[in-house]
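# Secondary and tertiary structure notes
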Amino acid sequence: MKAVRYFGHKDVRVVNDLEKPTPKGDEVLLKIGGAGVCHSDLHIIDEGTVGDLVFTLGHENAGWVEEVGDTVTDYKKGDAVLVYGPWGCGHCKPCQQSKENYCNHQSELGYGGGLGLDGGMSEYMLVPSSRLLVPIHDLDPVIAAPLTDAALTPYSAIKKSLPKLMPDEFVVVIGVGGLGHVAVQILREMTGAAIIACDVTEDKLEFAKSLGAAYTVNSKDADAAEQILKIAGIQKVKVVLDFVGATPTIELGTKIVSMDGDLTIVGLGGGYYEYSMNGLPFGVSMSNPYWGSRTELMEVVGLARQKKIHIEIEQYKFDQANEVYDRMRQGKIKGRAVLTP
Ligand code: NAD
Ligand code: ZN
């Protein structure tokens, strides 16, 4: 079968000779409908963050059940499902709470399909347990695939800050890409806070406005922090969601966040922050959330089925994978790219 494989630092190739797996026990074989292209793939490809492993890329996956192992009773051929991405042990306390993104055994198990183990940029994908599937009912797997990360990750980050996102407050979204464009919509639907979106190109800022941002600021501007503080006034920004995570965006966040605010760094841009007593207003919670829980993914499917959020997608074939990663390096993708067989 055809698949997009990672062979090492800056080496991604499309192969045609992978054997179609057979599911055993609780495993499920999916026929892939779509696999989202996440910026985390670029951290793996360009920065070699997973080391010397060889595997199929794609950690945002959706498709149809093709075949189930002999102990699977809850799914049948043809069911449309998402694959929950962070594969935990399934047994420890965080996993029992459905937070497999924080599984106690993550360091031994790795990070899941497409992140060291075989993922979904493949005609068929083997999922280790039916526990990791979430039904999508009438949603199209091609459009739904990015719900598993581009929507789940901002959803989980925003949910933690909901009590602070009142209608008289301001929230800043830095980076209106795959994750950020969904974050703006989740904030629009689930909170009353005024949304200020930051990115580095005019098209991304226009895009953010079309999705519900009340204000936009180009974070390349030397006075970006001053522009944001002028909008928010003396109360400053209650919640900053940084979907870039580079040193300049983290610095921007520390300048605009209010006392008792949340500075949430989701982006894995390799940024550096040195804590100092006077560096942050009092009461600020700085956090680095990772992905979201299985039950939160079910909630995200609810948002999509009610048409409260939609993923803007650019659709490509597996054969175009390298071309798509290049578009992403240049910041040219509007919303999320999804690869299909
Ligand atoms: P993307 O490439 O789709 O979007 C990134 C956006 O940020 C682009 O619109 C780009 O123009 C913008 N940008 C770049 N530099 C900027 C700056 N200085 N100021 C403002 N905007 C800037 O990326 P994505 O797939 O949305 O991922 C975003 C980040 O989140 C990546 O680092 C990714 O690895 C990370 N991520 C983290 C988690 C997690 O669980 N913590 C999950 C998924 C992705
Ligand atoms: Zn676990």
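Residues numbered from 1 in each chain as written. Chains lettered and ligands numbered in written order. Predicted model: local features only at pLDDT ≥ 70, side-chain atom pairs only at ≥ 80, totals over all residues. Heavy atoms only, no water.

Let me state the cut-off plainly: UniProt positions are given in the numbering used here, feature names are shortened, and annotations may be inferred rather than shown by experiment.
The name given to the protein in an unreviewed UniProt entry is alcohol dehydrogenase, and the organism recorded there is Chishuiella changwenlii. According to its UniProt record, the protein has this under Cofactor (unreviewed entry): "Zn(2+)". The record held by UniProt for the protein lists under Sequence similarities (unreviewed entry) the comment "Belongs to the zinc-containing alcohol dehydrogenase family."

### Details of helix α1 (residues 39-47)
Stated formally: Burial classes: relative accessible area under 20% of the type maximum marks a residue as buried, over 50% as exposed, and values in between as partly exposed (1.4 Å probe, protein chains only). Here a strand is any run of E in DSSP of at least two residues, a helix any run of H or I of at least four, and the numbering for each starts at the N terminus.
Within α1 the residues assigned to the buried category are D41, L42, H43, I44 and I45. Just beyond α1, the residue with positive phi is G48, at close to 60°.

### Structural notes on the sheet that holds strand β2 (residues 11-15)
The test is simple: Following DSSP output, two strands are said to pair if at least two bridges run between them.
As summarised here, the arrangement of the three strands in space is β2-β1-β4, forming an open sheet in which the pairing is antiparallel. Strand pairing shows two members of the sheet lacking a second neighbour, β2 and β4 (55-56), which therefore form its edges. Alignment of strand β1 (residues 3-8) against β2, held across five bridges, turns out to be antiparallel. Bridging from a neighbouring strand, Y6 pairs with V12 of β2.

### Looking at the pattern of salt bridges
Spelled out, the test is: Any carboxyl oxygen of Asp or Glu that lies within 4 Å of a side-chain nitrogen of Lys or Arg is treated as forming a salt bridge with it.
With the rule as written, the count across this model stands at 17 salt bridges. Here D138 makes a salt bridge to R305, at a shortest N to O gap of 2.9 Å. Taken together, the residues span a long stretch of sequence, with D138 in the loop between β8 (133-135) and α4 (141-144) and R305 in helix α10 (residues 294-305) at a distance of 167 residues. Among the residues examined, R305 registers a relative accessible area of 37% and is labelled partly exposed. Salt bridges here are not isolated pairs; linked through shared partners, they connect K20, E66 and K77.

### With respect to a nonpolar patch on the surface
Applicable threshold: Two distance rules govern patches: like charges are joined within 9 Å, and nonpolar side chains (Val, Leu, Ile, Met, Phe, Trp, Tyr) within 5 Å, applied only to residues with over 30% relative accessible area and no salt bridge. Here, Shrake-Rupley sampling with a 1.4 Å probe gives the accessible areas, and only protein chains in the shown set may cover a residue.
Residues M259, Y275, M277 and F282 make up a contiguous nonpolar surface patch of about 540 Å² in total accessible area. Within the fold, F282 resides in the loop between β13 (257-265) and β14 (285-287). Residue F282 is classed as exposed on the basis of its relative accessible area, which comes to 61%.

### Focus: the sheet that holds β13
Rules: Angles here are taken between N-to-C directions and fall from 0 to 180 degrees, while the axes themselves are lines fitted to C-alpha atoms, restricted in helices to the stretch in contact. When checking whether two residues touch, look at their non-hydrogen atoms; a contact exists if any pair is within 4.5 Å.
Overall, parallel pairing links the six strands, which are arranged β11-β10-β9-β12-β13-β14 in an open sheet. Lying at the two open borders of the sheet, with one neighbouring strand each, are β11 (215-218) and β14. Ignoring strand direction, the axes of neighbouring strands in this sheet form an average angle of 15°. Taken strand by strand, helix α6 (residues 178-190) contacts β9 (170-174), β10 (194-199) and β12 (237-242), and its axis lies near 165° from that of β9. Helix α9 (residues 247-256) rests against β9, β12, β13 and β14 of the sheet, and its axis sits at about 160° to β13.

### Notes on the coordination of the zinc ion (ligand 2)
For a metal with four donors in a tetrahedral arrangement, the ideal angle between donors is 109.5 degrees, while six donors in an octahedron ideally sit at 90 or 180 degrees. Applied cut-off: Metal donors: N, O and S atoms at distances within 2.8 Å, or within 3.2 Å for Na, K and Ca, with water omitted from the atom set so that some sites may seem incomplete. A four-donor site is classed as tetrahedral when every donor-metal-donor angle falls between 85 and 135 degrees; four donors are called square planar, and six octahedral, when trans pairs exceed 155 degrees and all remaining angles lie between 65 and 115, with any other arrangement labelled irregular.
Distances from the zinc ion (ligand 2) to its protein donors, C89 (SG), C92 (SG), C95 (SG) and C103 (SG), fall within 2.2 to 2.5 Å. If you look at the zinc ion (ligand 2), its four donor atoms make angles of 105 to 116° with each other, and the shape they trace is tetrahedral. Written as a sequence motif, the donor arrangement for the zinc ion (ligand 2) is C-x2-C-x2-C-x7-C. You can see C89 sitting in the loop between β6 (80-83) and α2 (93-96) and its partner C103 sitting in the loop between α2 and α3 (106-109), a full 14 residues away along the chain. Judged by relative accessible area, C103 falls into the buried class, the value being 6%.

### Concerning the domain arrangement of the protein
Operational definition: Where a domain begins and ends is set by an automatic assignment or by a domain database. Buried area adds together the accessible area that both of two parts lose upon being put together, with accessible area traced by a 1.4 Å probe. Side-chain atoms alone can form a polar contact between residues adjacent in sequence; in general such a contact is a pair of N or O atoms within 3.5 Å, and within protein one must be able to donate a hydrogen while the other accepts it.
When cut into domains, the protein gives domain 1 (3-149 + 292-340) and domain 2 (152-287). Centre-to-centre separation of domain 1 and domain 2, based on C-alpha positions: 27 Å. Together domain 1 and domain 2 conceal approximately 1800 Å² of surface at their shared face, both sides included; 59% is due to carbon and sulfur atoms. Run the count over domain 1 and domain 2 and you get one salt bridge. Of the charged contacts in the structure, one is a salt bridge between E299 and K159, with a shortest N-O distance of 2.9 Å. Linking domain 1 with domain 2 are twelve residue pairs in polar contact (both at pLDDT 80 or more), by the criterion used here.

### A closer look at the site of ligand 1
What counts is decided by this rule: Throughout, the term near means that a residue has one or more heavy atoms lying within 4 Å of the molecule or strand in question. In this classification, the charged set is Asp, Glu, Lys and Arg, the nonpolar set is Ala, Val, Leu, Ile, Met, Phe, Trp, Tyr, Cys and Pro, and all remaining amino acids, among them Gly, are polar.
Close contacts around ligand 1 come from 28 residues, with H39, D199, S219, W291 and R336 the closest. At 2.6 Å from an oxygen atom of ligand 1 is found a side-chain nitrogen or oxygen belonging to H39. A distance of 3.0 Å separates a nitrogen atom of ligand 1 from a polar atom in the backbone of P289. Among the elements of the structure, α1, α6 and β10 are those that each provide at least two residues to the shell around ligand 1. Ranked by residue count, the leading element in the shell around ligand 1 is α1, at three residues. Looking at side-chain class alone, the shell around ligand 1 contains 14 nonpolar, ten polar and four charged residues. Per-domain counts for the shell around ligand 1 show at least three residues from each of domain 1 (3-149 + 292-340) and domain 2 (152-287).

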